[in-house]
Structure formats: structure tokens, C-alpha cells
Amino acid sequence: MGALQYKCLNCKAGLEFDPPSQQWKCNYCFSMFSKEELDAVHPPPKTEDEDTPELDLYHCDSCGADLLADSTTSATFCLYCKNPTIIKSRFSGRFKPRYLIPFFLTKDQAMELYRKWISRRLFAPSEFKYQEEIDKITGVYAPFWLFDCKTNGTVRGKGIRVTHWVQGQYRYTRTQHFQVVRRGTIEYKKVPVDASQKLDDTLMQLMEPYHYKDMTDFSMQYMSGFMAEKYDVESEEAKTTVKRRVAQYTEKRLRDTIAGYTSYRDTDSNVMLEECEENYALLPVYLLVNKYKDREHLFMVNGQTGKVAGETPISRWKQLSFAGLIFAAVWLLAVFGGAFFG
Ligand SMILES: [Zn+2]
Ligand SMILES: [Zn+2]
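The structure reproduced in this document is the subject of the present report. All values derive from a computational prediction rather than experimental measurement.

1. Some thoughts on the overall build of the protein
Part 1 of the argument: The helix and strand inventory of the protein stands at six helices and 14 strands.
Part 2 of the argument: Among the 342 residues that make up the protein, the fraction classed as buried is 41%.
Part 3 of the argument: Contacts in the protein between residues at least 24 apart in sequence constitute 73% of all its contacts with a sequence separation of at least 6.
Part 4 of the argument: Surface summary for the protein: the accessible area is close to 19,200 Å², and the carbon and sulfur share equals 53%.

2. Quick look at unusual backbone geometry
Part 1 of the argument: The linkage connecting glutamate 208 with the following residue, proline 209, adopts the cis geometry, with an omega of 0°.
Part 2 of the argument: Within the secondary structure, proline 209 sits in the loop between α4 (201–206) and β10 (216–217).
Part 3 of the argument: Within the chain, lysine 82 stands out as a residue other than glycine whose phi angle is a positive 65°.
Part 4 of the argument: Relative to the elements of secondary structure, lysine 82 occurs in the loop between β5 (66–69) and β6 (86–90).

3. Quick word on the pattern of salt bridges
Part 1 of the argument: Overall, the coordinates contain 18 salt bridges when judged by the stated rule.
Part 2 of the argument: The closest approach of N and O atoms between glutamate 187 and lysine 189, which form a salt bridge, is 3.8 Å.
Part 3 of the argument: Judged by relative accessible area, lysine 189 falls into the exposed class, the value being 58%.
Part 4 of the argument: Between aspartate 266 and arginine 255 there is a salt bridge whose closest N-O contact spans 2.7 Å. Taken together, the residues span a long stretch of sequence, with aspartate 266 in strand β12 (residues 263–292) and arginine 255 in helix α5 (residues 235–255) at a distance of eleven residues.
Part 5 of the argument: In this structure aspartate 266 comes out as partly exposed when scored by relative accessible area, which is 31%.
Part 6 of the argument: We classify arginine 255 as partly exposed; its relative accessible area is 29%.
Part 7 of the argument: Several salt bridges share partner residues, and in doing so they unite Asp56, Lys88 and Arg90 into one network.

4. Points about the environment of aspartate 194
Part 1 of the argument: Along the chain, aspartate 194 falls in strand β9 (residues 170–194).
Part 2 of the argument: Residues aspartate 194 and leucine 146 lie 48 residues apart in sequence; the distance between their C-alpha atoms is 8.9 Å.
Part 3 of the argument: Other than its neighbours up to four places away in sequence, aspartate 194 contacts Pro143, Phe144, Leu199, Asp200, Asp201, Met204 and Val233.
Part 4 of the argument: From its side chain, aspartate 194 meets the backbone nitrogen of serine 196 in a polar contact 2.8 Å long.

5. A look at the environment of threonine 73
Part 1 of the argument: You can see threonine 73 is positioned in the loop between β5 and β6.
Part 2 of the argument: Here threonine 73 falls in the buried class, since its relative accessible area comes to 11%.
Part 3 of the argument: Each C-alpha atom, one on threonine 73 and one on phenylalanine 226, is 6.4 Å from the other, the two residues being 153 residues apart in sequence.
Part 4 of the argument: Among residues more than four places away in sequence, those in contact with threonine 73 are Tyr58, Met223, Ser224, Gly225, Phe226 and Met227.
Part 5 of the argument: A distance of 3.0 Å separates a polar atom in the side chain of threonine 73 from the backbone nitrogen of glycine 225.
Part 6 of the argument: There is a polar contact of 3.4 Å between the side chain of threonine 73 and the backbone nitrogen of phenylalanine 226.

6. As for the sheet that holds strand β2 (residues 23–26)
Part 1 of the argument: As summarised here, the arrangement of the three strands in space is β1-β2-β3, forming an open sheet in which the pairing is antiparallel. Unpaired on one side and paired on the other, β1 (15–18) and β3 (32–33) mark the two borders of the sheet.

7. With respect to the coordination of the zinc ion (ligand 1)
Part 1 of the argument: At this site the zinc ion (ligand 1) is bound by Cys8 (SG), Cys11 (SG), Cys26 (SG) and Cys29 (SG), with donor distances of 2.3 Å.
Part 2 of the argument: Of note, the donors binding the zinc ion (ligand 1) are all from one chain and are spaced C-x2-C-x14-C-x2-C. Of this pair, cysteine 8 sits in the segment before β1 while cysteine 26 sits in strand β2; the two residues are 18 residues apart in sequence, bridging distant segments of the chain.

8. Details of helix α2 (residues 107–119)
Part 1 of the argument: For α2, spanning 13 residues, the distance from its first C-alpha to its last is 18 Å, which sits close to the expected 18 Å at 1.5 Å a residue.
Part 2 of the argument: Ala110, Met111, Tyr114, Trp117 and Ile118 are the residues of α2 that are buried. The arc enclosing the buried residues of α2, seen along the axis, measures out at 125°, which places them on a common side.
Part 3 of the argument: Packed against the buried residues of α2 are α3 (131–134), β12, β13 (295–302) and β14 (308–310).

Rules of the game
Residues numbered from 1 in each chain as written. Chains lettered and ligands numbered in written order. Predicted model: local features only at pLDDT ≥ 70, side-chain atom pairs only at ≥ 80, totals over all residues. Heavy atoms only, no water. Helix = DSSP H or I, 4+ residues; strand = E, 2+ residues; numbered from the N terminus. Buried < 20%, exposed > 50% of the residue type's maximum accessible area, 1.4 Å probe, protein only. Contact = heavy atoms within 4.5 Å. Areas by Shrake-Rupley, 256 points an atom, 1.4 Å probe, with all protein chains shown as cover. Salt bridge = Lys/Arg side-chain N within 4 Å of Asp/Glu carboxyl O. Polar contact = N/O pair within 3.5 Å; in protein donor to acceptor, adjacent residues only side chain to side chain. Pairing = 2+ DSSP bridges. Donors = N, O, S within 2.8 Å, 3.2 Å for Na, K, Ca; no water. Expected span 1.5 Å × (residues − 1). Arc of directions from axis to C-beta.

Written as C-alpha cells, this is what we have:
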């Protein structure tokens, strides 16, 4: 059993990760500690067996979500469907991400970004703006597969170059035909593929890019104060997605080098994936699910960069009253306008 939670070096209370300082803080005596200071006292586990995480599993019966948290964090509702009856149990499985990007944004900052975002959505239902709903925004580590791949691609096509010139009283046209071939090998590092079915793929892609300069080796201590989702998309399945992505990109890169023809058309192309190796990583997002007329609407903030994405329904009533207001204004203008200038 591994020592999971960092303890305060002064008062032994549990420590919580503090995104702005990237350190761990004690909420009782307000001390702050760096990872190096804490690792010196609580050495990280040496073997994988020692590192069996002590985690709680929160399972939602109504939507099937599974979320993991350490003892510093507890869930009282399901993040995905807002169901208040979630079942807590001890997690006993493998949970060993290779990498992680820590949270850089605090929950308060995420709530502020949400407020700004929702205030620009004129026709969003009012309940989306209630403070008790905004409070439910939660920091979650989203599971990703990061692929290191090498591709070998060929693009073939026909290029035509037409030149005109005038000499004496003659006008010349020269048409040259080219067989164009481009071959290349590209190495890709850490191409991300969302490994969660619960998190909407389109929104998750809008969270990109994540900057890998802040990526560090996974350590349980980063879990304090946050939840994590276990992956439920197997790496083989994710590999299909990544193959398509890198193949498309390889083709595009090769094609972009073809220039200087009057016209060009592809005849064939093929991309071979030579190597592809995956690593399990956790990337930070703040998540808020709003329910409206039995549909769930997601809002997300990239926990590293603060990039925002989400969707809201349109409240018909709000839209109608807005239209009504405009109508009344126009009507008033027509009546009084007529009175003044008639
Ligand atoms: Zn303390
Ligand atoms: Zn649920």
C-alpha cells in the first residue's frame, strides 16, 4: 500500500494541490511545500507494486459514469448527469497513468470564465446562471492516449505547367506534363486521443492544444482536490483514430510541398504507419454539465490554458420576449415618431 497523500510537514494535515503556485498547501496552517521538499520526506514508491493507489470510486447508476478521487476530494453528485445518488466504493484496479499535466487554473478562475461565457449567451436559460449551478464546476483529469508514431508516406500526381510568350508575330504556348512524386517520413510525438466515452469528442478536441512543456510524470499527489476519470476507450480503438489523423496530416504535409504548377491532381497516395506506441496520460479540464429539458449541455475549460468551449440551448421564452421587446420599441417609435414629425 503506497503512501498516497502528502501530509503537512508542520501539522500533519492533508495537503491540497495549489494550481497557481504548482505547490501543495495546507489549509490548516497555510504552509506551502514544493514537490522536492515533500518527496524528500515522503519518498515516492520505487516499484509499481508499492504504488497501489488508495482511491475512492464514485459510480453513477443512472448514467454509468465512474470517477476516481483520493481522500481529499469527495463527490456528492454525478458530474455528468447531476444525479445526487452516487455510490462510493474502494477502487481496486489498475490506475497507472504515465504522464500528467497539472491544473494551472483554480476553480474560482474556471467559474469566472464560465460567468463571462454564459453572460454573452443572451438566450441561455436563466438556470444556467444560478450560483449554486456554477458552484458545481469540477476539476477532472481527463484520460488520454498519447501516441508516438512514425509514418512513411507517398503522394503521387500529375502536374501541368503552361507558359505563354510572344516572339515576333507568333504567340507560343508550351504545356509541360510532370509526374510528381513526394515521399517522406514523419515522426509524431504525443498525439492525443481522448480515452473517455463520457467526454464529448468534439468538445474535447476544442480543448486542444495542451502544452506539453508542463507535462510531468504522473504522481498520485496531483490528484488531491481533483477527480479523475478512468479510461474506457481501449488503446487499440484509439489507435484507429490516431492512424487516420496522422495519415491525413502526413498526406497534407507532403501535398503542401507541391507547388509551381498551373494545375495539379492527385493520382494516388498512401501512408504506412511504421511504429506506434501509446502512453496513458491525464489532462486537466474543468467540467460543468447543465441540464435543460432532459438534455445535458456541457461546458469545459482547459485546466492548463483557460481555453473555453461549450454549448447552451436557446430558451424559446427568452427569445420570444426579446422579439416582443423589439416589436414594442418599433411600435413606440412608429407612434411617437409619427406624432413628432407628422
Ligand atoms: Zn499544516
Ligand atoms: Zn451520472
